[in-house]
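# Coordinates in review
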Amino acid sequence: MSKAKKDSALFHGEVDERLCLNCGFPNRKSDRHCMYCKTSLLEGDSLVSWARKTYYILRWRWQLKQRRDRMGGLSGATHFLTLKLLGYFIVGFTLSASGLYLFSEALTDSSFSTGLVAILFLCYGILTLKSVFVKK
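Below, the structure is looked at part by part. In this text, all values refer to a predicted model and were calculated from it rather than measured experimentally. (Residues numbered from 1 in each chain as written. Predicted model: local features only at pLDDT ≥ 70, side-chain atom pairs only at ≥ 80, totals over all residues. Heavy atoms only, no water.)

## Re a nonpolar patch on the surface
A contiguous nonpolar surface patch, about 700 Å² in accessible area, is contributed by Leu83, Leu86, Phe89, Ile90, Phe93, Phe133 and Val134. Looking at the nonpolar patch element by element, the count peaks at five residues for helix α3 (residues 75-109). With respect to the element layout, leucine 86 can be found in helix α3. (Patch = residues over 30% accessible without salt bridge, like charges linked within 9 Å, V, L, I, M, F, W, Y side chains within 5 Å. Areas by Shrake-Rupley, 256 points an atom, 1.4 Å probe, with all protein chains shown as cover. Salt bridge = Lys/Arg side-chain N within 4 Å of Asp/Glu carboxyl O. Helix = DSSP H or I, 4+ residues; strand = E, 2+ residues; numbered from the N terminus.)

Following this line, the structure appears as structure tokens:
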């Protein structure tokens, strides 16, 4: 039995592909045009091609950093969480205040059913406010 040939690219760090400077698609080294966007992959050894490649690499790194900052900052998610907590606080405060008002009206009118509704409003308001201030 013959031994399997070892891939020299794994040991020498050689890569069999070349990234397109336009779209970033990996192409074979033998390709003349990108298989995805059809941009020419032929490079010259001039200063202009080196500057172009450097520009595209720096632009790509800058775009990657911008995406990472947007994802890492989570400013939109933090803003949404703040609005959500503010909404829960307003609902809880409104339920509690209306529960207290209805309970005082029930006591003055001696109404049992209004007292039960008032207690329900008060309990839901307190539970909503508790969910805002107590972290899980």
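## A closer look at the environment of tyrosine 101
Following the sequence through the fold, tyrosine 101 ends up in helix α3. Along the sequence, tyrosine 101 and leucine 122 sit 21 residues apart, while their C-alpha atoms lie 9.5 Å from each other.

## Digging into the environment of tyrosine 56
In this structure, tyrosine 56 sits in helix α2 (residues 47-73). On the basis of relative accessibility, which here comes to 19%, the residue tyrosine 56 falls in the buried class. Remark: the alpha-carbon pair of tyrosine 56 and asparagine 22, spanning 34 residues in sequence, is separated by 7.8 Å. (Buried < 20%, exposed > 50% of the residue type's maximum accessible area, 1.4 Å probe, protein only.)

## A word on the packing of aromatic side chains
Counting across every chain of the model gives two aromatic pairs. Arranged with centres 6.0 Å apart and planes meeting at 85°, the rings of phenylalanine 89 and phenylalanine 133 form a pair that is edge-to-face. Remark: phenylalanine 133 occurs in helix α4 (residues 112-133) and phenylalanine 89 occurs in helix α3; sequence separation between them is 44 residues. When its relative accessible area of 32% is taken as the criterion, phenylalanine 89 is described as partly exposed. (Phe/Tyr/Trp six-rings, centres within 6.5 Å; stacked < 30°, edge-to-face > 60°.)

## Some remarks on α4
With 22 residues, α4 ought to run about 32 Å at 1.5 Å a step, and its terminal C-alpha atoms sit 32 Å apart, in line with that. Of all the residues in α4, the buried ones are Gly115, Ala118, Gly125, Thr128, Leu129 and Val132. What you see down the axis of α4 is that its buried residues fit within an arc of 155°, all on one side. Away from its buried face by more than 90 degrees, α4 exposes Phe112, Tyr124 and Leu127. (Expected span 1.5 Å × (residues − 1). Arc of directions from axis to C-beta.)

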